[in-house]
Amino acid sequence: MDDDRKSELSDLVSQLGAGISEAHYRPAYEAAANVCSGIFSAIPVDLHDVTHEAIMAGYAAALRDLEKGNLDDQVRERANLIDG
């Protein structure tokens, strides 16, 4: 991989992690590690950091939405479907 591509990937990793609050960092990191442990062997090594940070960013965004109550209706709907 050339230096320009490495720099682009590094910038992307930084941008993905920029929105993760300190309170969400540890649970997002652990969730991403869990997911990545099953897929790292299937993706190029150069994409490991990007994949990990993208999963962390998504998980942290979901935690933020849950805390704000943005997903309350969806959670209730799914709970009702499960309870039948």
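Use the structure listed above.
Residues numbered from 1 in each chain as written. Predicted model: local features only at pLDDT ≥ 70, side-chain atom pairs only at ≥ 80, totals over all residues. Heavy atoms only, no water.

*Asks:* Teacher, can you tell me more about the pattern of salt bridges here?
*Replies:* Working definition: two side chains of opposite charge can pair if their charged atoms are close together. Inspection of the entire model under this criterion finds three salt bridges. The salt bridge partner of Glu8 is Arg5, with a shortest N-O separation of 3.2 Å. One end of the pair is Glu8 and the other is Arg5, both in helix α1 (residues 3-17) and three residues apart, which spans about a single turn. (Salt bridge = Lys/Arg side-chain N within 4 Å of Asp/Glu carboxyl O. Helix = DSSP H or I, 4+ residues; strand = E, 2+ residues; numbered from the N terminus.)

*Asks:* I would appreciate a short explanation of the packing of aromatic side chains in the present structure.
*Replies:* Centre distance and the angle of the planes are the two values used to describe a pair of aromatic rings. All told, the structure shown has one aromatic pair when counted by the stated rule. Arranged with centres 6.0 Å apart and planes meeting at 25 degrees, the rings of Tyr25 and Tyr29 form a pair that is stacked. Here the residue Tyr25 and the residue Tyr29 both occupy positions in helix α2 (residues 22-37), the gap between them amounting to four residues, near one helical turn. The class for Tyr25 is partly exposed, based on a relative accessible area of 37%. (Phe/Tyr/Trp six-rings, centres within 6.5 Å; stacked < 30°, edge-to-face > 60°. Buried < 20%, exposed > 50% of the residue type's maximum accessible area, 1.4 Å probe, protein only.)

*Asks:* In this structure, what is going on with the side chain of Glu53? I would like to understand it.
*Replies:* Mapped onto the elements of the fold, Glu53 is located in helix α3 (residues 48-68). No salt bridge is formed by the buried Glu53, whose closest oppositely charged neighbour, Arg26, lies at an N-O distance of 11 Å. Apart from residues lying up to four places away in sequence, Glu53 is in contact with Val13, Leu16 and Gly17. (Lys, Arg positive; Asp, Glu negative; His and termini not counted. Contact = heavy atoms within 4.5 Å.)

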